[in-house]
Amino acid sequence: MLTNFRNAVAPSTTRRRPMSMAAPLVALALLLGLSACMGADQIGTLGLVRHDRAAHNVRSISLDTAYAAQAQAHAQAMANGGRLYHSPLHLAPGECSKGENVGEAGTVTQVEHLFMNSPPHRANILNPQYDHVAIGVVRQGGRAWVVQLFIGSC
């Protein structure tokens, strides 16, 4: 991906870029930096959630890095125990709502498909009140264990 990014960017010149060009480049740089902290499965799951929301005319959702370690730890605990279960959800200051999807299948795409075919899981993914999501994914025993923790800011 980084190679494609470099090929797509024009060589720098001595003149300054207009501010309108700076914002997309900063956003892309942040995404690439964030990608270094996330695995391919987490990035893929975020893309699937965003795709499902867009397909149903629900605003996009931002990645919540504050809860990323919690979501990842929960996915790891489920994989280690070989069973699905929800974590207790508590609202922190500035949060009005939370929801959680947990699932496992052969791939993250299969998990997302299962979520979208389950009314309660689908409701979490498509809930317009949720504006952030933390994602945890663990591959173990030929399975992808997925946690999607949704947060609605006040």
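Residues numbered from 1 in each chain as written. Predicted model: local features only at pLDDT ≥ 70, side-chain atom pairs only at ≥ 80, totals over all residues. Heavy atoms only, no water.

Peer 1: Just to check I follow, could you spell out the overall build of the protein for this structure?
Peer 2: Tallying secondary structure elements over the protein gives 6 helices and 4 strands in all. Each helix (α) and strand (β) of the protein, taken in turn from the N terminus, gives the series α-α-α-β-α-β-α-α-β-β. Taken across its 154 residues, the protein has 38% of its residues classed as buried. Summarising the internal contacts of the protein: among those between residues at least 6 apart in sequence, 66% fall at separations of at least 24. Accessible surface for the protein amounts to roughly 9,000 Å². Of this, 60% is attributable to carbon and sulfur atoms. (Helix = DSSP H or I, 4+ residues; strand = E, 2+ residues; numbered from the N terminus. Buried < 20%, exposed > 50% of the residue type's maximum accessible area, 1.4 Å probe, protein only. Contact = heavy atoms within 4.5 Å. Areas by Shrake-Rupley, 256 points an atom, 1.4 Å probe, with all protein chains shown as cover.)

Peer 1: I keep staring at the pattern of salt bridges and nothing clicks. Help me out?
Peer 2: Oppositely charged side chains may form a pair once their charged atoms are brought near each other. For the structure shown, the criterion picks out 3 salt bridges. For the salt bridge of D41 with R139, the shortest nitrogen-to-oxygen distance reads 2.8 Å. In this pair, D41 is assigned in helix α3 (residues 40-55) and R139 in strand β3 (residues 132-140), connecting sequence segments 98 residues apart. Measuring nitrogen to oxygen at the nearest pair gives 2.8 Å for the salt bridge that ties E104 to R143. Here R143 lies in strand β4 (residues 143-153) and E104 lies in strand β2 (residues 95-105), a separation of 39 residues in the sequence. In this structure R143 comes out as partly exposed when scored by relative accessible area, which is 32%. (Salt bridge = Lys/Arg side-chain N within 4 Å of Asp/Glu carboxyl O.)

Peer 1: Any chance you could explain the state of the cysteines here in plain terms?
Peer 2: Joining two cysteines, a disulfide is a covalent bond between their sulfur atoms. Using the criterion set out here, one finds 1 disulfide in the structure. Shown here is the disulfide that connects C96 with C154, its sulfur atoms set 1.9 Å apart. Across the S-S bond linking C96 and C154, the dihedral sits near 130 degrees, which makes this disulfide right-handed. Of this pair, C96 sits in strand β2 while C154 sits in the segment after β4; the two residues are 58 residues apart in sequence, bridging distant segments of the chain. Take C154: its relative accessible area is 65%, and that puts it in the exposed class. (Disulfide = S-S within 2.5 Å.)

Peer 1: Help me out: how do you make sense of the sheet that holds β2 in this one?
Peer 2: The strands making up a sheet are joined through hydrogen bonds of the backbone, oriented either antiparallel or parallel. With mixed pairing, 4 strands are arranged side by side in an open sheet as β1-β3-β4-β2. Both outer strands of the open sheet, β1 (62-63) and β2, are each paired with one neighbouring strand and no more. Pairing of β3 with β4, which is carried by 9 bridges, proceeds in the antiparallel orientation. Following the sheet pairing, Q140 is matched in β4 by R143. Set on the sheet, α3 makes contact with β1, β3 and β4; between it and β3 the angle comes to about 135 degrees. (Pairing = 2+ DSSP bridges. Axes fitted to C-alpha atoms, helices over the stretch in contact; angles between N-to-C directions.)

Peer 1: Which parts of the structure should I look at to understand the nonpolar core?
Peer 2: Looking at soluble globular proteins, one finds that nonpolar side chains tend to be buried together. Judged by nonpolar contacts, the single largest core of 20 residues is most densely connected at I61, I125, V133, V146 and F150. For this core, the secondary-structure elements that each account for two or more residues are α3, α5 (108-116), α6 (119-126), β3 and β4. Ranked by residues supplied to this core, first place goes to α5 with 4 residues. Not counting residues up to four positions away in its chain, the partners in contact with I61 are V49, R50, R53, Y130, D131, H132, V133 and F150. Core analysis: the second largest hydrophobic core is formed by 12 residues, M78, A79, V102 and W145 among them. (Core = buried A, V, L, I, M, F, W, Y, C linked by side-chain atoms within 4.5 Å.)

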